[in-house]
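Structure at a glance
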Amino acid sequence: MASLWSGRFEKDMDDIVKEFNASIHFDKRMYNEDIDGSIAHVTMLAKQKIVSEEDKEKIISGLEEIRRDIAEGKIVFTTEDEDIHMGVEKRLIERIGDVGKKLHTARSRNDQCQTDTRLYLRREMREILGMLCEFEKVILRKAEKYADTITVGFTHLQHAQPVTLGFMFMAYFQMFKRDMERLQDALERMNVNPLGACAMAGTTLPTDRHYTSELLGFKAPCENAMDVVGDRDYTIEFLSVASMSMMHISRWAEEFTWWNSTEFSYIAIDDSYCTGSSIMPQKKNPDIAELLRGKVGRVYGHLMQMLTVMKGTPLSFNKDFQEDKESLFDAIDTWKASIKIFAKMLDKTEFRMDMIEAQLDKGFLNATDIAEHFVMQGIPFREAHSIVGRMVKLCEKKNCGFEQLTDEDLQSIDARITVQSLGDISIKGCVEARKSYGGTAPCEVMRQIEAGINWLSDYEKTISESIKV
Ligand code: ARG
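To keep things clear, this report deals only with the structure shown in the data block. (Residues numbered from 1 in each chain as written. Predicted model: local features only at pLDDT ≥ 70, side-chain atom pairs only at ≥ 80, totals over all residues. Heavy atoms only, no water.)

Time to look at the overall build of the protein chain. Check the secondary structure of the protein chain and you find 19 helices and two strands. Its C-alpha radius of gyration of 30 Å places the protein chain more than 25% over the 23 Å reference for a compact globule of 469 residues. Viewed in the frame of its principal axes, the protein chain has a C-alpha envelope of about 100 × 55 × 40 Å. For the protein chain, with 469 residues in total, the buried portion stands at 51%. Counting contacts in the protein chain only where the partners sit at least 6 residues apart, residues at least 24 apart contribute 75% of the total. Summed over its atoms, the accessible surface of the protein chain is roughly 22,500 Å², and 53% of this surface lies on carbon and sulfur atoms. For the protein chain, the separation between the mean place of its 61 positive charges and that of its 77 negative charges on side chains is 1 Å. (Helix = DSSP H or I, 4+ residues; strand = E, 2+ residues; numbered from the N terminus. Rg over C-alpha atoms; globule rule 2.2 N^0.38 Å. Buried < 20%, exposed > 50% of the residue type's maximum accessible area, 1.4 Å probe, protein only. Contact = heavy atoms within 4.5 Å. Areas by Shrake-Rupley, 256 points an atom, 1.4 Å probe, with all protein chains shown as cover. Lys, Arg positive; Asp, Glu negative; His and termini not counted. Charge placed at Lys NZ, Arg CZ, Asp CG, Glu CD.)

Shown next as structure tokens:
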């Protein structure tokens, strides 16, 4: 079948070229956005008297009929359609005749594909923001439950200082909060209207791009036609935010994986989030945590792919840019599934306190606290650090903890210290005393949780107002 652009051609495209050139197999998922964009466009063309009211009505009802038929599976797109824009337009002309040929006035596929992608991405971004809100709620709930439950805090994967589980959860809360802020920020920047930019340089026809922007809920028409058809930086920005957030998911998934190991056994991931082995009957593997850890790879890949696609391309539109959609769609799907599954896995996970408690007296978790007690007694921190270092050395030699050191032991290290000057060195006492702003004391964790709850409820109100879809 001849293509909609076949006027100046003598030969049809080679079949393998058609297949190679087509984007219909992946851009058909934007059919709703394509039709929304066309309806807004023809509404504007009628307002501007570029098409008649009667033609506009015919075009809109034809488009709505096509929308219904696609949704009901009555329209099957093939390579012959090339892309969703031509697939819809071709059917419109088939159904309503010559009037349908007026729709493509003062627009181009170059602005259409950008309008569709931005509309599609905007809806998905909003959904992702909503999903991140739900995830944050699970984190807050868990943080509250474990606000004063003590665990080992690591640096370099070595025992460092005691912290509460709630405190650790709130660290992840902050990471996902920043992801949400970054996503919101990217959304504000990309929410401008490409429609009517036409191929690259605008049009001689008296269009009103402010009106289509209003109809489609865009903040404004994009300022420069050449820029909007010739760039994909908003896609790259989205992929970068998605990559960062997937990296956060991957890090926490890694913690789940080792917390779940036989050696740690801090948690036992719920059966419904594990799989068995085909050969080893005893196995219960944390496959879902591992998949969540690994999925980030494909999202980074998409980011690299798009940065590379765009590198060195001249203005304005180049067909290279059609490569934007598959990576974008896969990143959206991967990120959404990962957030949803992680939230559920976290919700179902309980911590085995007996296993965690057994680790708390290892690794001198309270060493820094003792040094700080010395500081309060007038010993400069550098000296206090060195004294406690020597205490650790002695404990290791005697194979005991700080609690077992005697006055004699301590005096042999430094004349200024005795058992009494160590103060409360119980792990619980140490955690409770870390009340500095942002610290791990349960009262401080509760402050962080409350601030998180307040931020989230304000945020949920603003997202529904700021993005009208
Ligand atoms: N299918 C194309 C895309 O996804 C639409 C733009 C085609 N424009 C062109 N001049 N060939 O980017």
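Don't stop here, the text continues.
Moving on, we come to the pairing of strand S1 (residues 150–155). Where S1 and strand S2 (residues 158–164) come together, six bridges link them in antiparallel fashion. Bridge pairing links threonine 151 to valine 163 in S2. The antiparallel hairpin formed by S1 and S2 contains two residues in its connecting segment, where histidine 156 sits at a positive phi of about 55 degrees. (Pairing = 2+ DSSP bridges.)

The residue glutamate 33 is located in helix H3 (residues 31–47) in this model. Residues glutamate 33 and lysine 49, 16 residues apart in the sequence, show an inter-C-alpha distance of 24 Å. Excluding residues that lie within four positions of it along the chain, glutamate 33 makes contacts with Asp116, Leu119, Tyr120 and Arg123.

Our next topic: the site of the ligand. For the ligand, the full set of nearby residues is Ser23, Asp83, His85, Arg109, Asn110, Cys113, Phe317, Lys319, Gln322 and Lys325. Within the side chain of aspartate 83, a nitrogen or oxygen atom sits 2.9 Å from a nitrogen atom of the ligand. Glutamine 322 places a side-chain nitrogen or oxygen 2.9 Å from a nitrogen atom of the ligand. Protein contacts shield 86% of the accessible area of the ligand, which totals 340 Å² for the unbound molecule. Of the residues forming the shell around the ligand, the biggest block, three residues, is contributed by helix H6 (residues 109–145). Among the residues making up the shell around the ligand, the classes are represented as two nonpolar, four polar and four charged. (Near = heavy atom within 4 Å. Polar contact = N/O pair within 3.5 Å; in protein donor to acceptor, adjacent residues only side chain to side chain. Nonpolar A, V, L, I, M, F, W, Y, C, P; charged D, E, K, R; others polar.)

Overall, the coordinates contain 24 aromatic pairs when judged by the stated rule. Taken together, a centroid distance of 6.2 Å and an interplanar angle of 85 degrees make the contact between tyrosine 146 and phenylalanine 169 edge-to-face. Pair noted here: tyrosine 146 is in the loop between H6 and S1 and phenylalanine 169 is in helix H7 (residues 165–190), with a separation of 23 residues, a long-range link. Residue phenylalanine 169 is classed as buried on the basis of its relative accessible area of 0%. Centre to centre, the rings of tryptophan 252 and phenylalanine 256 are 6.0 Å apart; their planes meet at 75 degrees, and the pair counts as edge-to-face. In this pair, tryptophan 252 and phenylalanine 256 are both assigned in helix H10 (residues 233–259), four residues apart and thus about one turn of the helix distant. When sorted by exposure, tryptophan 252 lands in the same class as phenylalanine 256, which is buried. Taking NZ or CZ as reference, arginine 118 lies 4.1 Å from the ring centre of tyrosine 234, over its face. Above the ring of phenylalanine 218, the side-chain terminus of arginine 122 is found at 5.1 Å from the ring centroid. (Phe/Tyr/Trp six-rings, centres within 6.5 Å; stacked < 30°, edge-to-face > 60°. Lys NZ or Arg CZ within 6 Å of the ring centre and 35° of its normal.)

On to the pattern of salt bridges. Note that side chains of opposite charge can pair when their charged atoms are close. A complete count under the given rule lists 46 salt bridges for this structure. Here aspartate 12 ties to lysine 18 by a salt bridge, and the two come within 3.0 Å at their closest N and O atoms. With a relative accessible area of 10%, lysine 18 lands in the buried category. Close ionic contact of lysine 102 with aspartate 55 constitutes a salt bridge, the shortest N to O distance being 2.8 Å. Taken together, the positions of lysine 102 in the loop between helix H5 (84–96) and H6 and aspartate 55 in helix H4 (residues 53–71) put the pair 47 residues apart, joining distant regions of the chain. The exposure class assigned to lysine 102 is partly exposed, which follows from its relative accessible area of 37%. One continuous salt-bridge network, built from bridges that share partners, spans Asp12, Asp15, Lys18 and Glu80. (Salt bridge = Lys/Arg side-chain N within 4 Å of Asp/Glu carboxyl O.)

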